[in-house]
Amino acid sequence: MKEIKHHQVIVVGAGHAGCEAALASARLGADTLLLTMNLSTIALMPCNPSIGGPGKGHLVREIGVLGGEMAACIDETCIQMKWLNTSKGPAVRSRRAQADKYLYRQRMTQTLFNSPNLTLRQGHVTEILVRNGCVAGVKLETGLQFECDRLVVTSGTYLNSRIILGRETWPGGPQNQSPAIGLSDSLEKYGVPLRRLQTATPPRVLKSSVDFTKLAELPGDPDAGGFLWENRLRRYDRQISCFLAFADAESVEAVRRNLSESPLMLGNITNVGPKHCPSIDRKIMRFPDQLKHQIFVEPEGWESQELYLQGLTTGMPPAAQREIVRSVKGLENAVIMRYGYAIEYDALAPGLIRKTMESRALKGLYTAGQLNGTSGYEEAAAQGLIAGINAALSIKGRSPYWPSRTSSYMGVLVDDLSIWQKPEPYRITPGHAEFRLTLRDDSAERRLMREGYGIGLVDEERFRKINEWTTRIEDELASLDGLSLFPSGEMREKLVSSGTGDLKKRVSACEILQRPGISYQDVRNLLGEEKKEWLSAADEIYSLETEIKYRGYFERESEKIARTKFLESIRLPLSVVDTRVSSLAPHIAELLLSDQFDDLNQLVRKNCLSRSELAILFTVLRQDSEEAVGDPEVLND
C-alpha cells in the first residue's frame, strides 16, 4: 500500500519567497514541508548579487521587523553595505547590500534545516492534488505524493522555463537549472490561468581580467548599520568596493551592429519583461540617441573571482556579448566566465491573488514571488512571508493578515499586486507608496512591531527591547513638545547667530528644532540645564529629528491615511448590498458583491466609482461608522 505523508502546509520552491514562506509557517507552529528541485540551490541569487535599494530596502527592513529572515541573513553575509540617496529626503533613503551570494545561500539553508516544524525534501512537483474544490496535496515526478491542508507555490522563473541565447533556445531555469515541467498544466487544469513573462541577466567576467584603474571606485559605508533592528548600529569595517564603468558611443555602436541577433529582434521570446531593468539591447532600441549608460561592476563574494556587470543585461549570442563587453573602458581584455542569457517562463495571469497571497481561483492555494508577476528578491521574500503567515493562520482558524498600504511598503506591494493589470512584472519603488514619508526606513519598527508580535513571529524579549527603544523616542518627542521656552536675550542671540532668525514669543523646543539648520544638539546647547535628560544614540536622534522637522507634512499625510484606512476596513465582497445604495448603477452593486477586489479602497484606486457614486456610498458607510474621515470627494483623488 502506498504511504502518503500529510503536512499542514507544503511550500513548493526554495527561492527567496519559498524560504520566507516555509520559515513563517513553521515558526507559527504549522507542520511544514519545503519541496525544492535542488537542495543545493536554496536561496539562489541567479541575477544581481545585491539586496536593498529604494523601496526594496524598505521591504527588507519590514521583513526583519515582522520576523522574517532576509534582513538577518544579508546582514551576516554582506560584503558591502551602503546608504543610498543620502542627499535626498528621508522618504527615499535606504540601505543596499552587496551579498556574498554563496554565504547567503549557506546561511539560509542552515536556518531552514535548524527550524522546528520544518521538513526539507528534494523533489520535482508536477501536479497539484485537489479534492472537493480545495488543494489537497502535490504529486512528484517520481510518483510520490504528499497531502496538505494549504499549499504555497513559489516556483520563481522555473515554470516551463526556457533559456534564450541569440537564436539558440533550450529548456532550462536560472543558471541552467532544470525547468519545472508539468505544474503549469496542473494549475491551468484547476482554473488558474497563466501568461508568459521574460527576464534576463548580464555576463559575468573574470576579476583579474578587468583594468580597475579605468573605473570609478564605489566603496561602502562602514557606519551604514544593518537592515535588522539589532544590527542598526553595526559597523562594517571589512568591505569590498564596487566599481562604475560606462558604455559609451563605441559600446552603443557595438550593440547596434549585433541587434539583428537580439531575441527581441528575432522574435523568439515574449516582449513582456521588467520595465525598470531593461537589457542593453532594449535600452539602445528604446533610447537610440542616448550614448552613455552606467555599468556597475559588482563582486559576487569574498572569494569569488566573478564580477557582475549590472547594466549589460542581454540575451544576445556569445560573440555579440564579447564585442559589447570589450567596448567598455576597463573591460577591453575582460574574460567572460558566464554569458548573459534571457529566460522565458510561466506566471499567473493578473487579478488572481488576494492581499493574503491566496488564490482567487483555487481554495487553499497561495502563491508568491515571480510566479505572481513580480521582479526582485525582496518583493519575492515579502510575498513569501505574507503567504506563509496566512497559510499558517488559516490552519489555526485565525483571521487572515495583510498589512495596510498606509503602514508599510509590504502593504503597498500586496495591495498593488492584487489588482495589477499592467503587462510588465511589478517592481516596488518609492513612487508606488503615496505615504512614503511615513513609511521611511527609520520608522519600520514603530509601524510594524506590534503586528509582528500579534501574529506570533516576534517573541516577548525582542518586542520588549524594541518597544523600549520606540518609547524613548516617543517620550522625548512629548518632552520637547511640552517644554515651553521664553526667548531670553541669550537664546535669541544664539538663534540669530545660527542663521535661523530671531524669536519673539514663547515656543516649544519642538518648534525650535523645526527650524532649518537647527539640530537636536543645537537645541540641547540652547537649553543648557533647563532639561536634564537627553537622547544619546544617533539612530534615536535621527528618527526624532525627522519626526519633528517634517511634522507639517506628516499631519497633512495623516488625514489621507485615516481616509485610506477607513476604506480598507470595508472588506469585499460584501455579504449583502445595503438598500440605501439602490440608487447606484447596477454594476456598482455587482462590484461590491464580487470577488474581484479585497476592500473598498481598491475600488476607489481603480476609479470604479464616480465622485457622485462614491459620495452616496461613503455617506451610507459613514452612517454605520463612528469614524469621521472628511470630504468624500477627496477620496477620489
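For the structure itself, look to the data block above.
Visitor: Just checking my understanding: could you explain the overall build of the protein chain for this structure?
Guide: Secondary structure assignment for the protein chain yields 21 helices and 22 strands. Compactness check: the protein chain gives a C-alpha radius of gyration of 26 Å against a globular reference of 26 Å for 637 residues, within 12% of the reference. If one aligns the C-alpha atoms of the protein chain with their principal axes, the spans along those axes are about 80 × 70 × 50 Å. Here the protein chain holds 637 residues, and 58% of them are scored as buried. With an accessible surface of roughly 26300 Å², the protein chain has 50% of that area assigned to carbon and sulfur atoms. The positive charge centre, built from 79 side chains, and the negative charge centre, built from 82, are 2 Å apart in the protein chain.

Visitor: Just checking my understanding: could you explain the packing of aromatic side chains for this structure?
Guide: Two aromatic rings, taken as a pair, are described by how far apart their centres are and by the angle between their planes. Applying the stated rule across the entire model yields six aromatic pairs. Judged by centre distance (6.1 Å) and plane angle (75 degrees), the ring pair of Trp229 and Trp469 falls under edge-to-face. Of this pair, Trp229 sits in the loop between strand 14 (216–218) and strand 15 (242–247) while Trp469 sits in helix 13 (residues 460–482), and the two are 240 residues apart along the sequence. Of the two residues examined, Trp229 and Trp469, each falls in the buried class. Aromatic side chains Tyr520 and Trp534 sit 5.4 Å apart centroid to centroid with 70 degrees between the ring planes, which places their arrangement in the edge-to-face category. Here the residue Tyr520 occupies a position in helix 16 (residues 520–527), and Trp534 occupies one in the loop between helix 16 and helix 17 (538–549), the gap between them amounting to 14 residues. Pair check on accessibility: Tyr520 and Trp534 agree, each one buried.

Visitor: What exactly am I supposed to notice about helix 3 (residues 70–77) here?
Guide: Side chains three or four residues apart in an α-helix point the same way, a direct result of the helix having 3.6 residues per turn. Across the eight residues of helix 3, seven count as buried, placing the element largely inside the fold. For helix 3, the set of buried residues is Met70, Ala71, Ala72, Cys73, Ile74, Asp75 and Thr77.

Visitor: Explain the sheet that holds strand 15 to me, please; I cannot follow it from the model alone.
Guide: Across a sheet, paired strands are connected by hydrogen bonds in the backbone, their directions being either parallel or antiparallel. Pairing is antiparallel in the open sheet, where six strands are placed in the order 14-15-16-17-13-18. Unpaired on one side and paired on the other, strand 14 and strand 18 (336–338) mark the two borders of the sheet. Ignoring which end each strand starts from, the neighbouring axes of this sheet average 35 degrees apart.

Visitor: Is there a simple way to explain the pairing of strand 8 (residues 134–140) in this structure?
Guide: Consecutive side chains along a regular strand alternate between the two faces of the sheet. The element strand 8 is largely enclosed, with a buried count of six among its seven residues. Inspection of the sheet shows strand 7 (residues 125–131) paired to strand 8 by six bridges, in the antiparallel sense. When the sheet's bridge partners are listed, Ile128 is paired in strand 8 with Val138. Connecting the antiparallel pair strand 7 and strand 8 is a turn made up of two residues, with Asn132 showing a positive phi of about 55 degrees. As judged from the three bridges shared by strand 8 and strand 9 (residues 145–153), these two strands associate in the antiparallel manner. Residue Val138 lies in a different strand from strand 9, and its bridge partner there is Phe146. Here strand 8 folds back onto strand 9 in antiparallel fashion, the turn holding four residues, of which Gly143 has a positive phi close to 100 degrees.

Visitor: For this particular structure, what's the right way to read the nonpolar core?
Guide: Most often, soluble globular proteins keep nonpolar side chains buried together rather than apart. The biggest cluster of nonpolar side chains holds 129 residues, and the ones touching the most others in it are Ile10, Ile74, Tyr104, Leu112, Leu151, Ile389 and Leu480. Looking at which element gives the most residues to this core, the answer is helix 10 (residues 377–395), with eleven residues. If we skip the residues at most four places from it in the chain, Tyr104 touches His16, Ala43, Met45, Ile51, Met70, Cys73, Ile74 and Thr77. Formed by 25 residues, the second largest nonpolar core is a distinct cluster that contains Ala247, Val252, Leu259 and Leu309.

Visitor: So what exactly am I meant to see when it comes to the sheet that holds strand 4 (residues 78–84) here?
Guide: The strand order across the open sheet built from three strands is 3-5-4, with neighbouring strands paired in antiparallel fashion. Each edge of the open sheet carries a strand with a single partner, namely strand 3 (50–52) and strand 4. Within this sheet the neighbouring strands show an average axis-to-axis angle of 20 degrees, counted without direction. Pairing analysis gives three bridges linking strand 3 to strand 5 (residues 94–99), with the strands arranged antiparallel. Following the sheet pairing, Ser50 is matched in strand 5 by Gln98.

Visitor: Looking at this model, I keep getting lost on the side chain of Glu545. Mind explaining?
Guide: Within the element layout of this structure, Glu545 appears in helix 17. Among buried Asp, Glu, Lys and Arg side chains, Glu545 stands out as unpaired, with Lys549 the closest opposite charge at 6.3 Å. If sequence neighbours within four positions are ignored, Glu545 has contacts with Leu513, Ser519 and Tyr520.

Visitor: Whenever I open this one, the pairing of strand 2 (residues 32–36) confuses me. Can you help?
Guide: Along strand 2, five of the five residues are buried, which leaves the element largely enclosed by surrounding structure. Residue alternation in strand 2 divides its side chains into two sets, Thr32, Leu34 and Thr36 and Leu33 and Leu35, and both sets are buried. You can see the chain leave strand 1 (residues 5–12), run along helix 1 (residues 16–27) and come back into strand 2, and the turn it takes is right-handed. The pairing of strand 2 with strand 6 (residues 118–122) spans five bridges and is classified as parallel. Looking across to strand 6, one finds that Leu35 is bridged to Arg121.

Visitor: Explain the environment of Tyr453 to me, please; I cannot follow it from the model alone.
Guide: Here Tyr453 is to be found in helix 12 (residues 444–455). The spacing of Tyr453 and Trp302 is 151 residues in sequence and 36 Å in space, taken between C-alpha atoms.

Visitor: Sorry if this is basic, but what is going on with helix 19 (residues 586–593) here?
Guide: Those residues of helix 19 lying buried are Ile588, Leu591 and Leu592. Down the axis of helix 19, the buried side of the element spans an arc of 100 degrees, and every buried residue falls inside it. Opposite the buried face of helix 19, at more than 90 degrees from it, the exposed residues are Pro586 and Glu590.

Visitor: Explanation requested: unusual backbone geometry in the structure shown.
Guide: Trans is the common state for peptide bonds, and a negative phi is the common state for residues other than glycine. In this model, Leu572 is joined to Pro573 through a cis peptide bond whose omega is 0 degrees. Residue placement: Pro573 occurs in the loop between helix 18 (551–569) and helix 19. Phi angles above zero are rare outside glycine, and Ala43 is one such case at about 55 degrees. By secondary structure assignment, the location of Ala43 is in the loop between strand 2 and strand 3. For Ala43, a relative accessible area of 0% translates into the label buried. Phi is positive for Asn176, close to 65 degrees, though the residue is something other than glycine.

Thresholds, definitions, all that
- Per chain, residue numbering runs from 1 following the sequence as it is written.
- Local features in this predicted model are restricted to residues of pLDDT 70 or higher, and side-chain atom pairs are both shown and tallied only at a pLDDT of 80 or more, whereas totals for entire chains, interfaces and linings draw on every residue.
- For the side-chain quantities, the full set of heavy atoms in the structure was used; hydrogens and water were omitted.
- Labels follow the DSSP assignment, with helices taken as runs of H or I lasting at least four residues and strands as runs of E lasting at least two, numbered in each case from the N terminus.
- Atoms counted for the radius of gyration: C-alpha only. Globule rule: 2.2 Å times residue count to the power 0.38.
- A simple rule labels every residue: compare its accessible area, found with a 1.4 Å probe on the protein chains alone, to the largest value its type can have, and call it buried under 20%, exposed over 50%, or partly exposed in between.
- Accessible surface area values rest on a Shrake-Rupley calculation with a 1.4 Å probe, where residue burial reflects the displayed protein chains alone.
- The charge count includes Lys and Arg as positive and Asp and Glu as negative, but it does not include His or the ends of the chains.
- One atom stands in for each charge, and that atom is NZ of Lys, CZ of Arg, CG of Asp or CD of Glu.
- Centres within 6.5 Å make a pair out of two Phe, Tyr or Trp rings, where for Trp the six-membered ring is used; the pair is then stacked when the planes are under 30 degrees apart, edge-to-face when over 60, and tilted otherwise.
- At least two bridges found by DSSP between two strands are what make those strands a pair.
- Fitting a line to C-alpha atoms yields each axis, with helices limited to the stretch in contact; the angle taken between N-to-C directions then spans 0 to 180 degrees.
- The definition of a nonpolar core used throughout is a set of buried Ala, Val, Leu, Ile, Met, Phe, Trp, Tyr and Cys residues joined through side-chain atoms within 4.5 Å.
- Contact criterion: two residues are considered in contact whenever any of their non-hydrogen atoms come within 4.5 Å of each other.
- Salt bridges are defined as contacts in which a side-chain nitrogen from Lys or Arg sits within 4 Å of a carboxyl oxygen from Asp or Glu.
- Orienting the strands away from the viewer, one traces the path from the first strand over the helix to the second; a clockwise path indicates a right-handed crossover.
- Here, the arc refers to the directions that run from the helix axis to the C-beta atoms.

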